[in-house]
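Understanding the architecture of this molecule
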Amino acid sequence: MDENQIGTKAAQQTPTDELMRQLGATPQGLSKEEARQRLERFGANEITEKTTRPIIQFLGYLWGPIPWMIEAAAILSFVVHHWVDLGIIVTLLLFNAGVGFWQEYQAGNAVAALKKKLALKSRVLREGAWQALNARELVPGDIIRLRAGDIIPADAKLIDGDYLSVDQSALTGESLPAGKEKDDVVYSGSIAKQGEMIALVTTTGAQTYFGRTAKLVEGAGKASHFQKAVLQIGDTLIYLSLGLVAVLVIVQLFRGSSFAELLQFALILTVASIPVAMPAVLSVTMAVGAVILSKMKAIVSRLESVEEMAGMDILCSDKTGTLTQNRLTLGEPQTFDAGDAGELILTAALASKAENNDSIDSAVIDALDDPGILDGFKSIAFMPFDPVGKRTEATVGDKNGHRFKVTKGAPQVIMDLAGLDQQTRKKADAVVDDLAQKGQRTLGVARTQGEDGRWQFMGILPLFDPPREDSAETIAKAQAHGIQVKMVTGDNLAIAREIAGKLGLGRNIQNADRLLSEDRSSNDEDLAARTESADGFAQVFPENKFRIVKALQEKGHIVGMTGDGVNDAPALKQADVGIAVSGATDAARAAADLVLTAPGLSVLVNAVEEARRIFERMNSYAVYRITETIRIMIFVVLAMIVFNFYPITAIMIILLAFLNDVPIMTIAYDHTGLEPGPVRWDMHRIIAVSTVMGLTGVAGSFLMLYIALDLLHLSIPQVQTYIFLKMAVSGHLTLFVARSKGFFLKKPYPAPVMIWSALATKVIGTLLAAYGFGLITPIHWREIALIWGYSIIWAFLTDWTKTLVYQRFNLRGQRHEQFLETIHHPLTPHSTHGGVHP
């Protein structure tokens, strides 16, 4: 036996006897010992995935700019023997890593559970006896039996039997089954629809056509916009914090402050200022959203895809089984010798067999007004479809004892059989051509008056795969949400354009292979532009889908890709949001970010709406967290430089971290509005809004400091408690302001859990300020009341400044849209050309 498995092309060209010799196969099948040795040699018949050990996955959450800063603070706290600070810092670090790891681990388990349901069995000949084995145990040289309904477990050559109809849509995207006969090759992952044959396994595992396609997935991938945003926000806050701390350290050292005390305070201040809890808060927000999506029959396998879905502006949708029913249906019958459509359909039904489980036979029989009419006839002889004759034929007897023959098949074959005259033949050809242009397959139908009578051409039956009932509505909803839907299919142009027209997608459907092959000599910008302008793509191969997604991404789009087959897996992996639809193959689910467990795409629109709400929660938190860093960091550093004392102690900073950051995770349950279009991270706007809100807070803190020192004449320890409570109360008020783009008291109102968590933590902060509990110096209740009243009033002022910034950005956005509209439509009804375009 050769060292390598026999490739598909070689298996097709090699005679069966020679192939069996090369593979060491025998008519009795392999022995158990030989099969075991080959299994060790070639590996299991499955597509292996690269997996990461849980401990390595967890440690990944301790790596990056934000964890590095926290880890540095922990190390330095250890050096200066501040054990309480060290414990709190390490707790925060492990908490953040644990949340992110656990949510991703849980999502991975959900997909793993789905995949267990897909384990395949196969009938294998071993030592002269047929037995059922797990498909993963197949090896090259095995002899297997394939029957209607089987998923073909490996690449194999058909060596015995008459005929096998195979659905290869999971591999090629074609909606109609392909006819196979002896000496043909069948592919792993395709489905036997009709017939029964014996096959010789030639290739298993990753070397199959299925496996080679799946390998493309390994080269696909992208960094999520969420990861980029977190790094950008983190970097911004880290640089700001380090810069201010450096200024503070230099000034205080010149003033003769203790280096150890100053270093410890600077470290604690830095950790409190950088977004320690940001990765955890955003992960929890997405995880809570993922639970909601799972209840909508959409399982998230990668948390970041929730955020990507919110910004998705193009959806590339597979046609067969996603936009269509993947079930052949009769169109409008075209009668010739038949008296009416009912007689034509009945004739075709008599030439069909329901038990064959053939898609065409099922479509014809389902079209009968009364299926019980078939009970009045008896099938005496039946000749199944074969790829040579291209028709089925049956000898039928009616209840009166009369016998006649019926047939259905390729229209040209049936026309030749009936011997049509030139005029009738021309008319029939015109009907077939017209239906072909509409993307419909056709069947010719004929019968005889007696068992040996002359064939009569009864008419033509169109066949097509109809759109799902909810597809047009779903597409319209997606478009209303600012998502452009592009159909991607392996079917021909005519079928694709017909379906696209019915679904309201537009009829600018491109031949993908021709478009991409022609443009291989063109520049990438030209290819991307042409890909962007198309409404869809037909005759698509796996590498085409991958290139389509990449071309759209190069134009700046956030691309979603739906699919169910192996051919979709590379594009699913490359897409920003890969969506495996209901009934998807193992490879498609493994590559996808979102696995739909309900048929169709209607659930996807609901998922997009929920994703946008989740994004608004994350956006609100980002604004809040940057605002808080600016508000605390700039105030503390400037106060120390100006007044030469610590306005807040290290223990107070640590308490603030818990009072503000831990309860802030309730933002994951917040009520938010729904943006009408795709949403993305606008870092310029986030930083602008946060800066204005933060500086407003700094001004408020300095005014409070003036009141405490010059009007209330508090001692330094009391002033520190005073500032601590002010920052604690203002913290959640700032969140309520940051969560909306308009007036913060308008709908949608905050979720009850947010309100109660804010009140609970502020009550704790207030009690600390009133009684101290040995941690801080207590202050009087009148100072506490003043702080609460002042903070509430200042929250309204902060809200007003925030609203002004948003209004300015909205105005700029409107002007930009008007400018773009002017570019695309330069002449208006008021132009000198009278509004007529040249």
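If you're wondering where the values come from, they're calculated on a predicted model, not measured in any experiment.

Moving on, we get to the overall build of the protein chain. The number of helices and strands found in the protein chain is 29 helices and 23 strands. Counting over 838 residues, the protein chain shows a buried share of 53%. A separation of at least 24 residues holds for 72% of the contacts in the protein chain among residues at least 6 apart in sequence. Approximately 36,400 Å² of the protein chain is accessible, and the part contributed by carbon and sulfur atoms is 57%.

The next point concerns the pairing of strand β17 (residues 455-464). Counting buried residues in β17 gives 9 out of 10 residues, a clear majority hidden from the surface. Relative to β17, strand β11 (residues 329-330) runs antiparallel, the two being bridged by 2 bridges. Within β17, the residue paired with T329 across the bridge is F464. The pairing of strand β12 (residues 334-335) with β17 spans 2 bridges and is antiparallel. Of the residues in β17, the one forming a bridge with Q334 is I460. As paired strands, strand β16 (residues 441-448) and β17 are joined by 8 bridges and run antiparallel to one another.

Looking now at a nonpolar patch on the surface. Taken together, the side chains of V763, L767, Y771, F773, L775 and W781 present a nonpolar region at the surface, about 630 Å² in accessible area. Looking at which element gives the most residues to the nonpolar patch, the answer is helix α28 (residues 752-771), with 3 residues. Within the element layout of this structure, F773 appears in the loop between α28 and α29 (781-824). The exposure class of F773 is exposed, given its relative accessible area of 55%.

Counting buried residues along strand β21 (residues 559-563), 5 of its 5 residues qualify, which places the element largely inside the surrounding structure. Residues V559, M561 and G563 line one face of β21 and the alternating positions G560 and T562 line the opposite face, and both faces are buried. As paired strands, strand β10 (residues 314-318) and β21 are joined by 3 bridges and run parallel to one another. Looking at β21, one finds that L315 is bridged to G560.

Read from one edge to the other, the open sheet built from 8 strands follows the order β9-β23-β22-β21-β10-β18-β20-β19, with strand pairing classed as mixed. A single partner strand is all that each edge strand has here, and the edge strands are β9 (298-300) and β19 (509-511). Pairs of neighbouring strands in the sheet enclose a mean axial angle of 20°, with direction left out of account. The strands touched by helix α18 (residues 493-503) within the sheet are β18 (484-488), β19 and β20 (536-538), with β19 carrying the most contacts at an inclination of about 165°.

Further remarks concern the environment of V689. As for its placement among the helices and strands, V689 is situated in helix α26 (residues 683-711). For the pair V689 and T801, spaced 112 residues apart in sequence, the C-alpha to C-alpha distance is 8.6 Å. When near neighbours in sequence (up to four residues on either side) are disregarded, V689 contacts V623, K802, V805 and Y806.

This part is about the nonpolar core. Of all hydrophobic cores here, the largest spans 120 residues; its most connected members are L269, V636, W681, Y722 and F724. No other element matches helix α24 (residues 602-643), which puts 23 residues into this core. Once you skip the residues sitting within four places of it in the chain, Y722 turns out to touch M704, I707, A708, L712, L714, I779, E783, L786 and I787. Counting residues in each nonpolar core, the second largest holds 24 residues, with L328, L330, A338 and L346 among its members.

On to the confidence of the model for the protein chain. Averaged over every residue, the pLDDT of the protein chain is 80; residues scoring 70 or more account for 82%. Here residues 823-838 is modelled with pLDDT under 50, and outside its nearest four sequence neighbours on either side it reaches 7 contacts, counting other chains as well.

Closest axis-to-axis distance for the helix α15 (residues 411-418)/helix α16 (residues 422-437) pair is 11 Å, and the angle between their directions is 170°. Viewed along their axes, α15 and α16 adopt a mutual orientation that is roughly antiparallel. Handedness of the crossing formed by α15 with α16: right-handed. Touching P411, Q412, M415 and D416 of α15 are R425, A428, D429 and V432, all from α16. Partitioned by chemical class, the residues of the contact of α15 with α16 number 4 nonpolar, 1 polar and 3 charged.

Attention shifts here to the pattern of salt bridges. For the structure on display, the rule yields 24 salt bridges. Bridged by salt links that share partners, the residues E33, R36 and E40 form one connected network.

Before going further, it helps to spend a moment on α18. Among all positions in α18, only L493, I495, A496, E498, I499, A500 and L503 are buried. Those residues of α18 hidden inside the fold are in contact with α17 (471-480), β18, β19 and β20. Immediately downstream of α18, the backbone of G504 shows phi near 75°, a positive value.

Our focus in this paragraph is the packing of aromatic side chains. Here a ring pair, both rings aromatic, is described through the centre-centre distance and the interplanar angle of the planes. Taken as a whole and assessed by the stated rule, the structure comprises 12 aromatic pairs. Note on F743 and F796: the rings are 6.3 Å apart at their centroids and 45° apart in plane angle, and the pair reads as tilted. On the criterion of sequence distance, the pair formed by F743 in the loop between α27 (716-738) and α28 and F796 in helix α29 is long-range, its members being 53 residues apart. The exposure class assigned to F743 is partly exposed, which follows from its relative accessible area of 36%. Owing to a relative accessible area of 36%, F796 belongs among the partly exposed residues under this scheme. Taken together, the ring pairs in this structure connect F743, F744 and F796 into an aromatic cluster. Sitting above the plane of the W130 ring, R145 keeps its charged end 4.3 Å from the centroid.

So, on to unusual backbone geometry. The linkage connecting K747 with the following residue, P748, adopts the cis geometry, with an omega of -5°. Within the secondary structure, P748 is located in the loop between α27 and α28. The backbone of K297 sits at a positive phi, close to 75°, despite the residue not being glycine. Position of K297 among the secondary structure elements: in the loop between α11 (278-295) and β9. Since its relative accessible area comes to 46%, K297 is described here as partly exposed. Phi at H713 is positive, roughly 55°, even though this residue is not glycine. Inspection of the secondary structure assignment puts H713 in the loop between α26 and α27.

Let us look at the packing of α27 against α28. α28 packs onto α27 with a crossing angle of 175° between their chain directions and a minimal axis gap of 9 Å. When the interaxial angle is binned, α27 and α28 end up roughly antiparallel. Side by side, α27 and α28 meet where T721, F724, L725, A728, V729, H732, L735 and F736 of the first sit next to M754, I755, A758, T761, K762, G765, T766, L768 and A769 of the second. The residue makeup of the contact of α27 with α28, split by class, is 11 nonpolar, 5 polar and 1 charged.

What follows is about helix α13 (residues 341-350). Residues spaced three or four apart along an α-helix point in a common direction, a consequence of the helix completing one turn every 3.6 residues. Of all 10 residues in α13, 7 are buried, a share of seventy percent or more. For α13, the N-terminal capping position is held by D340, with its side-chain oxygen 3.1 Å away from the main-chain nitrogen of G342.

On the secondary structure map, A349 appears in helix α13. For A349, a relative accessible area of 3% gives the class buried. Along the primary structure A349 and T407 are separated by 58 residues, whereas in three dimensions their C-alpha atoms are 9.4 Å apart. Sequence-distant contacts of A349, that is, excluding residues within four places in its chain, are made with V364, I365, L368 and L374.

What counts, and at which threshold
Residues numbered from 1 in each chain as written. Predicted model: local features only at pLDDT ≥ 70, side-chain atom pairs only at ≥ 80, totals over all residues. Heavy atoms only, no water. Helix = DSSP H or I, 4+ residues; strand = E, 2+ residues; numbered from the N terminus. Buried < 20%, exposed > 50% of the residue type's maximum accessible area, 1.4 Å probe, protein only. Contact = heavy atoms within 4.5 Å. Areas by Shrake-Rupley, 256 points an atom, 1.4 Å probe, with all protein chains shown as cover. Pairing = 2+ DSSP bridges. Patch = residues over 30% accessible without salt bridge, like charges linked within 9 Å, V, L, I, M, F, W, Y side chains within 5 Å. Salt bridge = Lys/Arg side-chain N within 4 Å of Asp/Glu carboxyl O. Axes fitted to C-alpha atoms, helices over the stretch in contact; angles between N-to-C directions. Core = buried A, V, L, I, M, F, W, Y, C linked by side-chain atoms within 4.5 Å. pLDDT = per-residue confidence, 0-100. Parallel < 35°, antiparallel > 145°, perpendicular 65-115°, else oblique. Left-handed = near helix turned anticlockwise from the far one by under 90°. Nonpolar A, V, L, I, M, F, W, Y, C, P; charged D, E, K, R; others polar. Phe/Tyr/Trp six-rings, centres within 6.5 Å; stacked < 30°, edge-to-face > 60°. Lys NZ or Arg CZ within 6 Å of the ring centre and 35° of its normal. Polar contact = N/O pair within 3.5 Å; in protein donor to acceptor, adjacent residues only side chain to side chain.

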